Amino acid sequence: MKRLILAAVAALAFTGAAQAQQTLAAVKARGTLICGVSQGFAGFSAPDSRGEYRGLDVDYCRAVAAAVLGDASKVRYVPLTAQARFTALQGGEIDVLFRNSTQTYSRATGLGLAQGPVNFYDGQGFAVRRDANVRNVAGLDGATICVAQGTTHELNLGDTFRSRNLKFSPVVFERIDTMYEAFYAGRCDAMTQDASALAGALVSARNPAAYMVLPETISKEPLGPFTRNGDVQWTNTIAWIHNALVEAEEYGVTQANAQAQAAGTNPTIQRLLGATGEFGKTLGLDNAWALHAIRAVGNYGEIFERNVGQGSPLKLARGLNGLWNHGGLMYAIPFR
Ligand SMILES: N[C@@H](CCC(=O)N[C@@H](CS)C(=O)NCC(=O)O)C(=O)O
């Protein structure tokens with residue numbers, strides 16, 4: 001009997017592992033990538049005036065579709081709240097989550113999910129009304145603070161204020177749009193979230209000049225993709241697409257010149273773009289997968305500048321998101 005039960009458990013575990021391995025094959029068979037994104041904040045993932053999703057996270061979804069399916073437009077976007085995002089991935093509703101999600105120990109070890117490489121180094125910030133004359137976090141002592149449920153921010157807020165002996169009253173929201181409305185209506189003295197998300201929110205406020213983001217951040221928020229545990233091939237695919245976008249920036253391969261560079265003579269660039277070697281085969285992709293991705297969305301620097309940098313209303317500086325040889329943390333693993 002015991003042996004039977006053990007065999008059944010082993011069979012179940014095997015089925016689970018086999019299922020977990022199937023995302024790449026499932027995406028190819030379906031012909032569409034199902035990408036989990038936010039419900040909408042400017043710069044990362046938000047529908048534009050024509051209803052088309054745009055942003056840094058969206059460009060990653062498009063890069064994956066281009067690399068895997070050869071067509072960046074073959075993406076179905078699933079907008080998810082902070083609360084719902086990980087269950088949607090666990091339950092197989094989405095193939096990958098690109099939703100300003102912070103990588104942490106408990107998310108890595110407790111959720112049955114795999115964390116991909118960091119594609120945006122962020123930190124938790126605070127937005128206040130300019131006329132409130134608050135200039136730093138200490139100035140928020142006794143403040144009412146709007147915060148989103150199911151985020152790293154709830155915990156960071158409590159930890160920071162307690163350890164600095166500051167008092168605060170949290171007002172917790174499940175939906176981000178209701179949080180913004182509450183803040184703009186003056187129901188809280190400050191609203192807290194990732195500094196990038198605050199910048200994105202304020203550009204679409206009715207009167208952006210009335211608000212400011214405090215220069216101080218209180219946490220590390222390494223944002224990146226999540227996939228299901230046990231699907232090494234798919235997790236690798238997502239990781240190497242990010243790597244390719246960063247490597248492309250380092251080697252000066254751009255959306256405009258990628259095709260010409262593939263026919264050039266630099267051996268690193270030729271391997272990256274699939275002109276030599278068989279780096280597509282080991283991932284289960286077309287040899288020109290990185291070329292497809294870069295032609296669709298550009299290199300990491302182009303993605304950054306277009307969506308959140310100088311080419312966008314957010315105008316965020318590269319900072320930690322610069323290349324490693326320009327003082328940042330973006331460092332691609334070599335294509336060897
Ligand atoms: N990076 C943080 C926060 C991510 C997050 O969900 N932020 C909220 C606001 S603080 C958001 O962007 N919501 C957008 C939405 O719900 O569409 C995390 O992973 O917990």
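Before any of the text, the structure's been laid out above.
A brief structural summary. Since we're looking at a predicted model, the values are computed, not measured.

About the criteria used
Residues numbered from 1 in each chain as written. Predicted model: local features only at pLDDT ≥ 70, side-chain atom pairs only at ≥ 80, totals over all residues. Heavy atoms only, no water. 1 Å grid on protein atoms, 1.4 Å probe; cavity = no way out; pocket = protein on both sides within 12 Å on 5 of 7 lines; lining within 4 Å. Points joined across faces, edges and corners; volume = space filled by probe spheres on them. Helix = DSSP H or I, 4+ residues; strand = E, 2+ residues; numbered from the N terminus. Nonpolar A, V, L, I, M, F, W, Y, C, P; charged D, E, K, R; others polar. Domains from an automatic or database assignment. Buried < 20%, exposed > 50% of the residue type's maximum accessible area, 1.4 Å probe, protein only. Near = heavy atom within 4 Å. Polar contact = N/O pair within 3.5 Å; in protein donor to acceptor, adjacent residues only side chain to side chain. Areas by Shrake-Rupley, 256 points an atom, 1.4 Å probe, with all protein chains shown as cover. Sits in = over half its atoms within 2 Å of the grid points. Disulfide = S-S within 2.5 Å. Core = buried A, V, L, I, M, F, W, Y, C linked by side-chain atoms within 4.5 Å. Pairing = 2+ DSSP bridges. Axes fitted to C-alpha atoms, helices over the stretch in contact; angles between N-to-C directions.

## A closer look at empty space enclosed by the protein
Inference 1: Per the counting criterion, the structure on display carries 1 cavity of 30 Å³ or more.
Inference 2: In this model, the largest cavity occupies a volume close to 260 Å³.
Inference 3: In this structure, the largest cavity is lined by 25 residues; those nearest its centre are Arg99, Asn100, Thr151, Ile176 and Gln193.
Inference 4: Those elements giving two or more residues to the lining of the largest cavity turn out to be helix H6 (152-163), helix H7 (176-184) and strand E11 (190-194).
Inference 5: Each residue belonging to the lining of the largest cavity can be placed in one class, and the counts come to 7 nonpolar, 12 polar and 6 charged.
Inference 6: Each of domain 1 (2-121 + 223-326) and domain 2 (124-219) accounts for three or more of the residues forming the lining of the largest cavity.

## Some words on unusual backbone geometry
Inference 1: Look at asparagine 100: it is not a glycine, yet its phi comes out positive at around 25°.
Inference 2: Relative to the helices and strands, asparagine 100 resides in the loop between strand E5 (96-97) and helix H5 (105-110).
Inference 3: Phi is positive for asparagine 133, close to 55°, though the residue is something other than glycine.
Inference 4: Residue placement: asparagine 133 occurs in the loop between strand E8 (124-129) and strand E9 (143-148).
Inference 5: Overall, the relative accessible area of 57% leaves asparagine 133 in the exposed class.

## Observations regarding the site of the ligand
Inference 1: Taken together, 20 residues lie around the ligand, and Gln39, Arg99, Thr102, Gln193 and Asp194 are the ones closest in.
Inference 2: Glutamine 39 places a main-chain nitrogen or oxygen 2.4 Å from an oxygen atom of the ligand.
Inference 3: Surface burial for the ligand is 99%, taken as the share of its 500 Å² of free accessible area covered by protein chains.
Inference 4: Placement of the ligand is best described as lying within the largest cavity.
Inference 5: Mapped onto the shell around the ligand, the elements with two or more residues apiece are H6, E11 and strand E13 (221-223).

## Considerations on the state of the cysteines
Inference 1: A complete count under the given rule lists 2 disulfides for this structure.
Inference 2: Note that cysteine 35 is cross-linked by a disulfide to cysteine 61, the S-S spacing being 2.1 Å. Of note, the bridge from cysteine 35 to cysteine 61 carries an S-S torsion of about -80° and is left-handed in sense. With cysteine 35 in strand E1 (residues 33-37) and cysteine 61 in helix H3 (residues 56-69), the pair connects residues that are 26 residues apart, well separated along the chain.
Inference 3: Each disulfide pairs two cysteine sulfurs, and for cysteine 146 the partner residue is cysteine 188, the sulfurs being separated by 1.8 Å. Residues cysteine 146 and cysteine 188 share a disulfide whose torsion about the S-S bond is about -90°; that sign makes it left-handed. Of this pair, cysteine 146 sits in strand E9 while cysteine 188 is found in the loop between H7 and E11, placing the two residues 42 residues apart along the sequence.
Inference 4: Residue cysteine 146 is classed as buried on the basis of its relative accessible area of 1%.
Inference 5: Relative accessible area serves as the criterion here: at 1%, cysteine 188 is assigned to the buried category.
Inference 6: Regarding the disulfides, the protein chain carries the connectivity 1-2, 3-4 under sequence-order numbering of its bonded cysteines.

## Here's the deal with the nonpolar core
Inference 1: If you look at the biggest cluster of nonpolar residues, it comprises 75 residues, and the most contacted ones within it are Leu33, Phe120, Tyr184, Met191, Trp234, Leu245 and Trp289.
Inference 2: The greatest single-element share of this core, amounting to 9 residues, is contributed by H3.
Inference 3: The residues that make up this core include at least three from each of domain 1 (2-121 + 223-326) and domain 2 (124-219).
Inference 4: Listed in part, the 15 residues of the second largest apolar core include Val134, Leu140, Phe161 and Ala190.

## What about the environment of arginine 30?
Inference 1: Tracing the backbone shows arginine 30 in helix H2 (residues 23-30).
Inference 2: You can call arginine 30 partly exposed: its relative accessible area is 39%.
Inference 3: Sequence separation between arginine 30 and leucine 69 is 39 residues; the distance between their C-alpha atoms is 9.9 Å.
Inference 4: Within the structure, the side chain of arginine 30 is placed 2.8 Å from the side chain of aspartate 95, a separation counted as a polar contact.

## Observations regarding the sheet that holds strand E10 (residues 168-173)
Inference 1: The 5 strands lie next to each other as E10-E9-E11-E8-E12, forming an open sheet whose pairing is mixed. Edge strands, defined here as strands with exactly one partner in the open sheet, are E10 and strand E12 (211-213). Neighbouring strand axes in the sheet, compared pairwise and without regard to direction, differ in orientation by 30° on average.
Inference 2: Bridge count for E9 against E10 is 6 bridges, and the pairing is parallel. Paired with alanine 143 across the bridge in E10 is phenylalanine 168.

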